Amino acid sequence: MPGSMSEISKAYEPASVEERWYGEWIKEGCFAADPAAAQPGFSIVIPPPNVTGVLTLGHVLNNTLQDTLARRARQTGHEVLWLPGTDHAGIATQTVVERQLRKEEGQTRHDLGREAFLERVWTWKEKHGGIIIKQLKRLGCSCDWARERFTMDGDYSRQVQEVFVKLYARGLIYRGKRMVNWCPVSQTALSDEEVIMKPTKGKLYVMRYEVAEEPGTFLEIATTRPETLMGDTAVAVHPDDPRYTRLVGKHAVRPFPRAEIPIITDPVIDLTFGTGVLKVTPAHDKADFEIGLRHHLPVIDVMNADGSLNELAGPEFAGMERFAARELAGQKLEEMGLLVRVEDYENNVGYSERADVPIEPRLSEQWFLRYPQVPAALEAVTSGKIRFVPERWAKIYEHWMTNIQDWCISRQLWWGHRIPVWYRKDDPSVMHVGLEAPADADHWRQEEDVLDTWFSSWLWPFATMDEATRKKFYPTNDLVTGPDIIFFWVARMIMAGLEFTGEVPFKNVFFTSIIRDLKGRKMSKSLGNSPDPLDLMAIYGADGLRFGLMRIAPHGQDVRFDENQIKEGRNFANKLWNAARFREMQGGSAGAKPFGEHELSPYSVAVLVAFDAMHAGYRQALEDFHFHEAAALLYDFFRSNYCDWYVEASKAELAAGGEAAEGVRAVMDQVLGGYLRLLHPFMPHITEELWHRLGYASGPGRRGMILFAAPPAEDSLPGLSGEEKAGATNAVGAVYDAVREARVLRAEFKIPSNQECVVHLARNPAWAGLDLSVFRMLARASELQEIGPEGPGRKMPHSLTPLGEVYLELEIDLGAEKTRLQGEVAKVALEIGKVEKKLADSSFRQGAPAAVLASFKQRGDDWRAKKAKLEAALAAL
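Since the structure is predicted, the reported quantities are computational estimates derived from the model, not experimental observations. (Residues numbered from 1 in each chain as written. Predicted model: local features only at pLDDT ≥ 70, side-chain atom pairs only at ≥ 80, totals over all residues. Heavy atoms only, no water.)

Participant: Give me the lowdown on the overall build of the protein, citing residues and values where you can.
Facilitator: Check the secondary structure of the protein and you find 27 helices and 29 strands. Along the three orthogonal principal directions, the C-alpha set of the protein runs to about 115 × 70 × 50 Å. For the protein, buried positions account for 52% of its 877 residues. Across the protein, contacts joining residues at least 24 apart in sequence account for 78% of those joining residues at least 6 apart. (Helix = DSSP H or I, 4+ residues; strand = E, 2+ residues; numbered from the N terminus. Buried < 20%, exposed > 50% of the residue type's maximum accessible area, 1.4 Å probe, protein only. Contact = heavy atoms within 4.5 Å.)

Participant: Explain the sheet that holds strand S26 (residues 757-763) to me, and be specific about the residues and the numbers.
Facilitator: Across the sheet, which stays open at both edges, the four strands sit in the order S27-S26-S29-S28 with mixed pairing between neighbours. Edge positions in the sheet fall to strand S27 (781-786) and strand S28 (798-801), since each has one partner strand and no second. Strand-to-strand twist in this sheet, taken as the mean axis angle between neighbours without regard to direction, amounts to 20 degrees. Note: S26 against S27, five bridges, orientation parallel. Bridge pairing in S27 places Val758 opposite Glu783. (Pairing = 2+ DSSP bridges. Axes fitted to C-alpha atoms, helices over the stretch in contact; angles between N-to-C directions.)

Participant: Talk me through the pairing of strand S5 (residues 173-183); I want residue IDs and the actual numbers.
Facilitator: Most of S5 sits inside the fold, with eight of its eleven residues counted as buried. Two strands pair when backbone bridges link them, and S5 and strand S14 (residues 360-369) are joined in this way by ten bridges, in the antiparallel orientation. Bridge pairing in S14 places Arg178 opposite Ser364. With three bridges joining them, S5 and strand S6 (residues 188-190) adopt antiparallel strand pairing. Its bridge partner lying in S6, Cys183 is registered against Thr188. Joining the antiparallel neighbours S5 and S6 is a turn of four residues, in which Gln187 adopts a positive phi near 55 degrees.

Participant: Tell me about the nonpolar core, and name the residues and values.
Facilitator: Core analysis: the largest hydrophobic core is formed by 192 residues, its most contacted members being Phe455, Tyr642 and Phe682. Considering every element that reaches this core, the biggest residue donor is helix H20 (residues 627-656), with 14 residues. Counting residues in each nonpolar core, the second largest holds 28 residues, with Leu219, Met230, Leu247 and Val277 among its members. (Core = buried A, V, L, I, M, F, W, Y, C linked by side-chain atoms within 4.5 Å.)

Participant: Outline helix H11 (residues 392-401), supporting the account with residue identities and numerical values.
Facilitator: The complete set of buried residues in H11 reads Trp393, Tyr397, Trp400 and Met401. The buried side chains of H11 occupy one side of the element, clustering within an arc of 95 degrees when seen end-on. Residues of H11 that are exposed and angled more than 90 degrees away from the buried face: Lys395 and His399. (Arc of directions from axis to C-beta.)

Participant: Requested: an account of the sheet that holds strand S18 (residues 421-424), with residues and values cited.
Facilitator: Here we have three strands laid out as an open sheet, ordered S19-S18-S20, and antiparallel in their pairing. With partners counted over all chains shown, the strands left at the sheet margins are strand S19 (431-433) and strand S20 (444-446), one partner each. Strand-to-strand twist across the sheet, computed as the mean angle between neighbouring axes with direction ignored, equals 30 degrees. Both S18 and S19 contribute to a ladder of three bridges, which runs antiparallel. Looking at S19, one finds that Val421 is bridged to Val433.

Participant: Account for the side chain of Thr151, with residues named and values stated.
Facilitator: You can see Thr151 is positioned in the loop between strand S4 (149-150) and helix H7 (154-169). One polar contact links Thr151 to His88, side chain to side chain, over a distance of 2.7 Å. Beyond its immediate sequence surroundings of up to four residues, Thr151 is in contact with Thr86, Asp87, His88, Tyr156, Ser157, His417, Ser456 and Trp460. (Polar contact = N/O pair within 3.5 Å; in protein donor to acceptor, adjacent residues only side chain to side chain.)

Participant: Can you break down the packing of helix H17 (residues 542-551) against helix H22 (residues 684-693) residue by residue, with the values?
Facilitator: To characterise two packed helices, one gives the angle between the axes of the helices and the distance between these axes. H22 packs onto H17 with a crossing angle of 120 degrees between their chain directions and a minimal axis gap of 7 Å. Viewed along their axes, H17 and H22 adopt a mutual orientation that is oblique. Side by side, H17 and H22 meet where Ala542, Asp543 and Arg546 of the first sit next to Pro684, His685 and Ile686 of the second. Split by residue class, the contact of H17 with H22 holds three nonpolar, one polar and two charged. (Parallel < 35°, antiparallel > 145°, perpendicular 65-115°, else oblique. Nonpolar A, V, L, I, M, F, W, Y, C, P; charged D, E, K, R; others polar.)

Participant: Go over the packing of helix H1 (residues 14-27) against H22, please, and point to the residues and values.
Facilitator: Across the interface, H1 lies against H22 with an axial gap of 9 Å and an inter-helix angle of 85 degrees. In this view, H1 runs roughly perpendicular relative to H22, as classed from their interaxial angle. Residues Val17, Glu18, Arg20, Trp21, Tyr22 and Trp25 of H1 form the contact with H22, whose own contacting residues are Pro684, His685, Glu688, Glu689, His692 and Arg693. Here the residues of the contact of H1 with H22 sort into five nonpolar, two polar and five charged.

This is how it looks when you write it as structure tokens:
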């Protein structure tokens, strides 16, 4: 141990360690980014969580990945900016405050007025808006908190409005009356990306409209929305449908309010849906609106902004909620003898992402954006200038970019960036677009609408930085985000970056997995399957949660959350703690000779070779964004190569003392010092603690922190040739394989792990000069007798290994043991028969998924391997 050490306690207490070190990192300014630093820059901007948000497992995964990248970059000598912040979340935040206002004061925002209501929202934000930031700090996130941004900050808001003005001046922003997605709860327009399509069970109403010119002749029409028939202004059929050719040009009678409406033809009519006759309601369906434009049909809007029906629907329906109106419309049709039948029907219905209610297609005057830089944004990804990981998301991005629609950017809210447009009070057709009102402001009225929340966040990578910061850290290196916002945010940021900075905003985009429960369901509070990350951290520690989650987050696949894996994260932290404690118990190494001068045993060489192999795989895994592979490599090396094998094997040398023990201590320091540095980005707190406790810190304060410690060398043994390394590794591998087989024999014959027995070894001549003291110790041999190839001269349980033939001298009841093994063989043969019968079933082979077939085949192989071992044990008797 190179420096002084502090005694390591018997038990690891993550809460105190994590709180202390996070406070120390903050105090020392470890996360602060310096734009004037000489080191190369590395930057990430956090996907800003909603200011209303609280930490979820999705946040934990996303931010652990970002923190891993940031901490790794610090270790590799970069000046790191991980820029944090929150999003004002227009609809979500306004909804929360309005709900609170109604509950506590019985008032609406309109009762308060705009300015007073916005004051309430700011008050709420100051009180509750920092919750998720505190939770991210508890997780150990190494953001530059001094740079925390909010999308409603004054300077950020000004940039948002400047962008609006610039795009308007370029002719890319326009105002028009269009059919939009309307949320009746939030009472605002929504973009297509804010509408979630859900399979919904409902009813299909088949009704009849009489032909006015031919009393007694009826057209059957199928609809899922009879509550809108009061807005029908035509009936349409396909021009090639022979059933209705003679009726085209005549009129159908709309039953209520009663009116004669034209029978027209249009090629978009689906001949196969229902009866092939469509009631055209231009105000309440996007396709109908387009038909109405082509045929110059009147538009009758029968619905209010809140989804209730208005006076144009008739006195019976005015003020009625839309779904209640659906029921009443069905009843009236039946009373009038115009309802043919009602069928159960399932179709995809658009739901408001925020309010989770069916949206209404609504004709509304809104502001729209023609996306800039579309070809360049598409080329940036297809050419590889921006790398998507996993790669399959690039195809989805490409599809969306080639089918892009104008963006409805206005929202009927008060909380948000108010659109910088003014209208003359005496002539609203006169409009001023600018950052400030005209000089005679009293004669002007500002636009009531605000901009879509995403209109501010698409500027996030560069609008969060001042000029000096942008010069050093923009474009950013990596973006970590969810695939569900590839269109909401990622695509738009690429277009904004190209439009306003002339550069792409990031080089790599890593799309995280969706976290599901073990049944494959998405995590949700309503299902009760979404544990609180703070509770998990209280039980398992932040590092345990981080590492446990990273190990079960496979590249490009959904995560099946299992709390037992988080528990394993905590257990791994305990294992690391105990291993460090074992090293401490061996004493310090102050004054020891340089590492390269130690004469190392084959076991020491082998563990260092294994460490280097793990390190190489780890580097490649992080380069490929295969975080779970890097975590698995770290886990497997430490548990198996180091703890299970090397620490146990080294006890003989440690017990011998002197030069041998000194070499083992040096190797342990070499491995632990390097390992803690590699593990640090995943488990930052415990690694910083042990780095200091073991005396590896090179100095006080930030200078000695593992946070800034360079990664270990890629070759731990530069003085040894590849042949020498391979020789040691092969020799140690032969010993360990022999130990495994000896343990298998002991287990087969139910020998307690603490009971020794005589072991005979017919050594393989290839290992003639190899010291066997480690084999004897690990095989629990009371005596190790070397024998010739002919064997011990009497029957003993034995196994052939690379080291040689291993025999165990046991005192056992041979008859009873033979009977037991025969019974085990019979049981296993029964299981093999079950598997083979299943695999012989052709219907099973054809119908079962590939993964299930593979599982059955593997099961058969495993049972056959077990049977072979049992039969070998029988033969040994």
